[in-house]
2 protein chains.
Amino acid sequence: MTIACTTGNHAQHDVYAALCPCRDVLDLLANKWTALAIGAMEEGPQRFGALQRRLQGISPKVLTSTLRRLEDSGFVDRTVYPAVPLHVEYELTELGRGVAVPLGVLRAWVETHLDTVKPDAPAGCA
Amino acid sequence: MTIACTTGNHAQHDVYAALCPCRDVLDLLANKWTALAIGAMEEGPQRFGALQRRLQGISPKVLTSTLRRLEDSGFVDRTVYPAVPLHVEYELTELGRGVAVPLGVLRAWVETHLDTVKPDAPAGCA
DNA sequence: CGGAATCCAAAACGATACTG
DNA sequence: CAGTATCGTTTTGGATTCCG
């Protein structure tokens, strides 16, 4: 028996079902940078360079693709200010601020329980 | 420049820092199956076959590696009952039940806001 | 400054077949 | 039943260079 995922009027979404769109959304969020990128914008609009500096280790290419996916999915707004040194800002949409909450909860859990997890993490920093 | 993730006792973890172990844990959870697998065990111990049936579309190989990683990280306990038709159970540890909460929150958010996300998801599933 | 383009390496994922 | 072995595909991520 699977957990029913009743959304609105119709349907039972079974997150575990192969064709459930929930899976697509989950997949969208479940990658190395997305959750962090969203978190990095929680405090307000951020410029490309600022994000790249904050998400230490991300390459411009990956940052771009991450932001594009988020933009296409409606989590992020991209605003271009046509100035001479180009100025672009990325900002969470209403929806984006929405996911930011659960994601923040997850990040918080990780930070709190870090010591109890025993992956092969270089214990150096925690 | 970001505050490094200082160790142990006090510790400011900067999730965004390249070397923060938080990232390892996040990476561990951020993949196609992990979050679902944990969710699938929330109701109690599950057998390999049951999990495979529930996580529709997962191959035995991927399920195995997913479970192994979770076991190695301390989220899951694996118990073998040496019977003739072999019997193995996977069960969330205390820690596992811990992450299950934030992950459940995330799943719930996704289920609730599915309609507002506009990825190229086949709106079907219901 | 904000990327796009290119190339490459490494995971992650998947299908199938086979075994203790 | 619960995997392992193998192989191939796909997806991600990363480094670098270059351009408007």
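Residues numbered from 1 in each chain as written. Chains lettered and ligands numbered in written order. Predicted model: local features only at pLDDT ≥ 70, side-chain atom pairs only at ≥ 80, totals over all residues. Heavy atoms only, no water.

As recorded in an unreviewed UniProt entry, chain A goes by Winged helix-turn-helix transcriptional regulator and comes from Streptomyces fildesensis.

Asks: Before we move on, can you summarise the overall build of chain A with the specific residues and values?
Replies: Helix and strand counts for chain A stand at five helices and three strands. Along chain A, from the amino end to the carboxyl end, the secondary structure elements read α-α-β-α-α-β-β-α. Per-residue burial over chain A gives 47% buried out of 126 residues. Relative to all contacts within chain A whose residues are 6 or more apart in sequence, the contacts with residues 24 or more apart total 37%. Looking at chain A as shown, the accessible area adds up to about 6,200 Å², and 55% of this sits on carbon and sulfur atoms. (Helix = DSSP H or I, 4+ residues; strand = E, 2+ residues; numbered from the N terminus. Buried < 20%, exposed > 50% of the residue type's maximum accessible area, 1.4 Å probe, protein only. Contact = heavy atoms within 4.5 Å. Areas by Shrake-Rupley, 256 points an atom, 1.4 Å probe, with all protein chains shown as cover.)

Asks: Before we move on, can you summarise the protein's contact with DNA strand D with the specific residues and values?
Replies: Near DNA strand D you find 17 residues, and of these Lys61 of chain A together with Arg47, Thr64, Arg78 and Tyr90 of chain B are the closest. In the interface set of DNA strand D, defined as its atoms within 4 Å of the protein, sugar plus phosphate atoms amount to 66%. A distance of 2.9 Å separates a phosphate oxygen of DNA strand D from a polar side-chain atom of Trp33 of chain A. Here a phosphate oxygen of DNA strand D and a backbone polar atom of Val88 of chain B are 3.3 Å apart. Every element with two or more residues in the surface near DNA strand D is listed here: α4 (60–73) of chain A together with α3 (48–54), α4 (60–73) and β3 (87–92) of chain B. No other element matches the four residues that α4 of chain B contributes to the surface near DNA strand D. When its residues are assigned to classes, the surface near DNA strand D shows seven nonpolar, four polar and six charged. (Near = heavy atom within 4 Å. Polar contact = N/O pair within 3.5 Å; in protein donor to acceptor, adjacent residues only side chain to side chain. Nonpolar A, V, L, I, M, F, W, Y, C, P; charged D, E, K, R; others polar.)

Asks: Explain empty space enclosed by the protein to me, and be specific about the residues and the numbers.
Replies: Taken as a whole, this structure holds one cavity of 30 Å³ or more when the rule is applied. Taken as a whole, the largest cavity encloses approximately 210 Å³ of empty space. Those elements that provide at least two residues to the lining of the largest cavity are α1 (21–29), α2 (34–40) and α5 (94–113) of chain A together with α1 (21–29) and α5 (94–113) of chain B. Considered class by class, the residues forming the lining of the largest cavity number 14 nonpolar, two polar and two charged. (1 Å grid on protein atoms, 1.4 Å probe; cavity = no way out; pocket = protein on both sides within 12 Å on 5 of 7 lines; lining within 4 Å. Points joined across faces, edges and corners; volume = space filled by probe spheres on them.)

Asks: Give me the pattern of salt bridges: which residues, what numbers.
Replies: Opposite charge on two side chains permits pairing when their charged atoms draw close. All names here are of chain A. Overall, the coordinates contain eight salt bridges over all chains when judged by the stated rule. Here Arg68 makes a salt bridge to Glu71, at a shortest N to O gap of 3.8 Å. Of this pair, Arg68 and Glu71 both sit in helix α4, three residues apart, which is roughly one turn of that helix. By relative accessible area, Arg68 is classed as partly exposed at 32%. (Salt bridge = Lys/Arg side-chain N within 4 Å of Asp/Glu carboxyl O.)

Asks: I'd like a description of the protein's contact with DNA strand C, backed by residues and values.
Replies: Arg47, Arg78 and Tyr90 of chain A together with Lys32 and Lys61 of chain B are the nearest of the 15 residues found near DNA strand C. Among the secondary structure elements, those contributing two or more residues to the surface near DNA strand C are α3 (48–54), α4 and β3 (87–92) of chain A together with α4 of chain B. The leading source of residues in the surface near DNA strand C is α4 of chain A, at three residues. Of the residues in the surface near DNA strand C, the class split is six nonpolar, three polar and six charged.

Asks: Give me the lowdown on the packing of aromatic side chains, citing residues and values where you can.
Replies: Scanning the model with the defined rule gives two aromatic pairs over all chains in all. Between Phe75 of chain A and Trp109 of chain B, the ring centres sit 6.2 Å apart and the planes meet at 40 degrees, which makes this aromatic pair tilted. With Phe75 of chain A in the loop between α4 and β2 (76–81) and Trp109 of chain B in helix α5, this pair bridges two chains. As far as the burial class goes, Phe75 of chain A and Trp109 of chain B line up, both buried. Lying across the ring of Tyr16 of chain B, Arg54 of chain A places its NZ or CZ 4.4 Å from the centre. (Phe/Tyr/Trp six-rings, centres within 6.5 Å; stacked < 30°, edge-to-face > 60°. Lys NZ or Arg CZ within 6 Å of the ring centre and 35° of its normal.)

Asks: Give a description of the nonpolar core that names residues and reports values.
Replies: Counting residues in hydrophobic clusters, the biggest one holds 72 residues, and the most contacted among them are Leu55 and Phe75 of chain A together with Leu55 and Phe75 of chain B. Excluding residues within four positions of it along the chain, Phe75 of chain B makes contact with Trp109 and Val117 of chain A together with Leu28, Leu70, Glu91, Leu92, Thr93, Leu95, Gly96 and Val99 of chain B. (Core = buried A, V, L, I, M, F, W, Y, C linked by side-chain atoms within 4.5 Å.)

Asks: Summarise the sheet that holds strand β2 (residues 76–81) of chain B; cite the residues concerned and give the values.
Replies: Residues and elements named next belong to chain B. Spatially, β1-β3-β2 is the arrangement adopted by the three strands of the open sheet, whose pairing is antiparallel. At either margin of the open sheet sits one strand with a lone partner, and together these are β1 (46–47) and β2. Bridging between β2 and β3 involves six bridges; their strand directions are antiparallel. Note that in β3 the partner of Val76 across the bridge is Leu92. Running at roughly 110 degrees to β2, α4 makes contact with β2 and β3 of the sheet. (Pairing = 2+ DSSP bridges. Axes fitted to C-alpha atoms, helices over the stretch in contact; angles between N-to-C directions.)

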